[in-house]
Structures are given as C-alpha cells and as structure tokens.
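Residue strings, one per chain:
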Amino acid sequence: MTIALLRVDERLIHGQVTVGWGSHLKPTRYVVVDDTLAEPGWEQELYSLGTPAGAVAEFLSVEAARDRVADLRATTEAVVVLTRDLDHMLRLAVGGVLDGASVNLGGIHHHEGRKQALPYLFLSDADRDRIRRLLAGGVDVSARELPGSHRTPAQDLLDD
C-alpha cells in the first residue's frame, strides 16, 4: 500500500485515527514522528495501548523518520504517519522528502495565539506559514476530520 495517511493531530494515536481512519485504511503500522516521544518511556506505552490488534506503533525522531520515508512510501503495508504539530511535519518534509504527498490536518486545538479555522482546527500565524512552506515544497495540504468528511483545501485555511 504505502503511506496511507500523513496526519497532523495533537492527540496522535487515538480513536478518530485508529477507528475512523483505521477502519477505512486498514493500516498495519502507526508511525509517530516526534522528537520527544522517540525516547522509550511510559508515553510510548500509553499511545501503544490505543493501537488496534494486528497493528504496531513505532516512534521516531524527525531525523530517523526522514531516513525511513522512502522505505515507508515503498512498502506493501498500509502505514499511518502522525505528527502532533505542523513544525514536526514541516521538518519531516524538508528537502523534498514528502514531495507529491498529501498531508491531512486533523485535531489542532485551541491555544493562545491560534484562531479557529474549522471546528476542530485552530491555527497560529506560524502554523499558516508552515502550511505555505509545505505547499511550496510540493506537499498537498488539506483538513478533514474523517474519511467521509468534507475536505478543506489548504488555500481555504490561509489568511492572505
């Protein structure tokens, strides 16, 4: 299959990803790209508890994930790649690593400095800049809660 979903979602591995997207995509691997979570510990164990039977969770730093993207894109298994924020996704994409890929914006919640773009999506000016940089790097960016939900293209999320 390949990378079936590249998603930015603060909650990482959770029901909307594993049930909503997972039942549609049938992934066998969830790859969390997060520099902090790449170190083994209780947080990895907690997130792994949410991984469906028959699937594995893998936790990689941005650097390690960049080294694995080509393999993940070429694999025959369905893989979901998750980052908790646009910064991690942008750093993953640097140098064209995600050129031609599509990134889904999921749950990015209210926080100081962020404005609501969609009911489940709040973006700061820095987030909008990161989206522009992803687009400029050949990455298609859109927001969609679930596979059957309305897809909102990135251009509709940007304040210009």
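As a reminder, the structure under discussion sits directly above these lines.
About the thresholds
Within every chain, residues take consecutive numbers counted from 1 along the sequence as written. Whole-chain, interface and lining totals are the exception, using all residues; otherwise, since this is a predicted model, local features are given only for residues with pLDDT of at least 70 and side-chain atom pairs are given and counted only at 80 or more. The side-chain numbers reported here are obtained from all heavy atoms of the structure, hydrogens and water having been left aside. Burial classification: accessible surface area is computed with a 1.4 Å probe over protein chains only, and a residue below 20% of its type maximum counts as buried, one above 50% as exposed, and the rest as partly exposed. Put simply, DSSP H or I for four residues or longer makes a helix, DSSP E for two residues or longer makes a strand, and each gets a number counted from the N terminus. At least two DSSP bridges between two strands are required for those strands to pair. If you view a crossover with the strands going away from you and the path from the first strand over the helix to the second runs clockwise, you call it right-handed. Throughout, a contact is declared for two residues whenever any of their heavy atoms are within 4.5 Å. As used in this record, nonpolar core signifies buried Ala, Val, Leu, Ile, Met, Phe, Trp, Tyr and Cys residues forming a set joined through side-chain atoms within 4.5 Å. By salt bridge we mean one thing: a side-chain nitrogen of Lys or Arg within 4 Å of a carboxyl oxygen of Asp or Glu. The term polar contact refers here to a pair of N or O atoms within 3.5 Å; inside protein, the definition further demands a hydrogen-donor-capable atom paired with an acceptor-capable atom, and it admits residues adjacent in sequence only when both atoms are side-chain atoms.

A. Quick look at the pairing of strand β2 (residues 29-33). Across the five residues that make up β2, a large majority, four, are buried. Relative to strand β3 (residues 56-60), β2 is paired through five bridges, and the arrangement is parallel. When the sheet's bridge partners are listed, Val33 is paired in β3 with Leu60. Following the chain from β2 across helix α2 (residues 42-49) to the adjacent parallel β3, one finds a crossover that is right-handed.

B. Quick peek at the environment of Thr152. Tracing the backbone shows Thr152 in strand β9 (residues 152-153). When the C-alpha atoms of Thr152 and Leu105 are compared, they prove to be 9.3 Å apart, with 47 residues separating the residues in sequence. Apart from residues lying up to four places away in sequence, Thr152 is in contact with Leu118, Ser142, Ala143 and Leu157.

C. Summary view of the nonpolar core. Counting residues in hydrophobic clusters, the biggest one holds 35 residues, and the most contacted among them are Leu6, Val81, Leu92, Leu98, Leu105 and Leu121. Excluding residues that lie within four positions of it along the chain, Leu105 makes contacts with Val8, Leu86, Tyr120, Leu121, Ile131, Val141, Ser142, Ala143, Arg144 and Leu157.

D. The pattern of salt bridges, seen in detail. A complete count under the given rule lists 14 salt bridges for this structure. A salt bridge links Asp9 to Arg11, with the nearest nitrogen and oxygen atoms 3.0 Å apart. When salt bridges with common partners are traced through the structure, they connect Glu10, Asp35, Asp87, Arg91, Arg114, Asp127 and Arg130 into a single cluster.

E. Broad picture of helix α4 (residues 86-93). Among the eight residues of α4, six are classified as buried, and the element is accordingly described as predominantly covered. The set of residues buried in α4 consists of Leu86, His88, Met89, Leu90, Leu92 and Ala93. One side-chain oxygen of the residue at the start of α4 lies 3.3 Å from the amide nitrogen of Asp87, identifying that residue as Asp85. Just downstream of α4, Gly95 is the residue with a positive phi angle, here 80°.

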